[in-house]
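# A closer look at the structure
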Amino acid sequence: MLKTIGILAWGGCLLTLAYQGIFWVIYKTWPSISLMDILRSVFGLNILTTLENLPLDIIVKAAYVAFSTQFSLFLWWTGVVMFGLMFTFGLLRK
């Protein structure tokens, strides 16, 4: 399961970069797709109202990550973490 999630995350990363590359070729500008853009458009989430009940320092950190992290970078590191967990669990089982 972790391997599948890792492959899907890296595939999504490549698709996001392909979209941004095609957009750059056509319009000569690099579109910024942040994690917040995806959360807002795909899931309809507003991270600030979702995090109302958490401490202020966590809200500030989560908002910073959501607004500043590029979606392709998020997908890349998600894939790295999934493959790392798969490798670690494989070692622990032996």
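Residues numbered from 1 in each chain as written. Predicted model: local features only at pLDDT ≥ 70, side-chain atom pairs only at ≥ 80, totals over all residues. Heavy atoms only, no water.

### Quick word on the overall build of the protein chain
Helix and strand content of the protein chain: five helices and zero strands. The helix and strand sequence of the protein chain, counted from the amino end, reads α-α-α-α-α. Relative to a compact globule of 94 residues, whose C-alpha radius of gyration would be 12 Å, the protein chain shows 16 Å and is clearly more extended. Along the three orthogonal principal directions, the C-alpha set of the protein chain runs to about 50 × 40 × 20 Å. In the protein chain, which comprises 94 residues, the proportion classed as buried is 26%. Long-range contacts, defined as pairs at least 24 residues apart, comprise 67% of the intrachain contacts of the protein chain with a sequence gap of at least 6. Roughly 7000 Å² of accessible area belongs to the protein chain as shown, and the carbon and sulfur atoms make up 74% of that amount. (Helix = DSSP H or I, 4+ residues; strand = E, 2+ residues; numbered from the N terminus. Rg over C-alpha atoms; globule rule 2.2 N^0.38 Å. Buried < 20%, exposed > 50% of the residue type's maximum accessible area, 1.4 Å probe, protein only. Contact = heavy atoms within 4.5 Å. Areas by Shrake-Rupley, 256 points an atom, 1.4 Å probe, with all protein chains shown as cover.)

### Observations regarding the packing of helix 1 (residues 2-27) against helix 5 (residues 71-93)
The description of two packed helices rests on the angle between their axes and on the distance between the axes. Two elements in contact, helix 1 and helix 5, have axes separated by 8 Å at closest approach and are oriented at 160°. Comparing their axes, helix 5 and helix 1 come out roughly antiparallel. The two elements helix 1 and helix 5 cross, and the hand of that crossing is left-handed. Contacts from Leu2, Lys3, Ile5, Gly6, Ile7, Ala9, Trp10, Gly12, Cys13, Thr16, Leu17 and Gln20 in helix 1 reach Phe71, Ser72, Leu75, Trp76, Thr78, Gly79, Val80, Met82, Phe83, Leu85, Met86 and Phe89 in helix 5. Residue classes in the contact of helix 1 with helix 5 are distributed as 16 nonpolar, seven polar and one charged. (Axes fitted to C-alpha atoms, helices over the stretch in contact; angles between N-to-C directions. Parallel < 35°, antiparallel > 145°, perpendicular 65-115°, else oblique. Left-handed = near helix turned anticlockwise from the far one by under 90°. Nonpolar A, V, L, I, M, F, W, Y, C, P; charged D, E, K, R; others polar.)

### Some thoughts on the nonpolar core
The biggest cluster of nonpolar side chains holds seven residues, and these are Cys13, Ile33, Leu35, Ile38, Leu39, Phe71 and Leu75. Among the secondary structure elements, those contributing two or more residues to this core are helix 2 (35-42) and helix 5. Looking at this core, the element that brings in the most residues is helix 2, giving three residues. Once residues lying within four places of it in the same chain are set aside, the contact partners of Leu75 are Ala9, Trp10, Gly12, Cys13 and Thr16. (Core = buried A, V, L, I, M, F, W, Y, C linked by side-chain atoms within 4.5 Å.)

So far we have only geometry, and geometry alone does not tell us how the molecule works.
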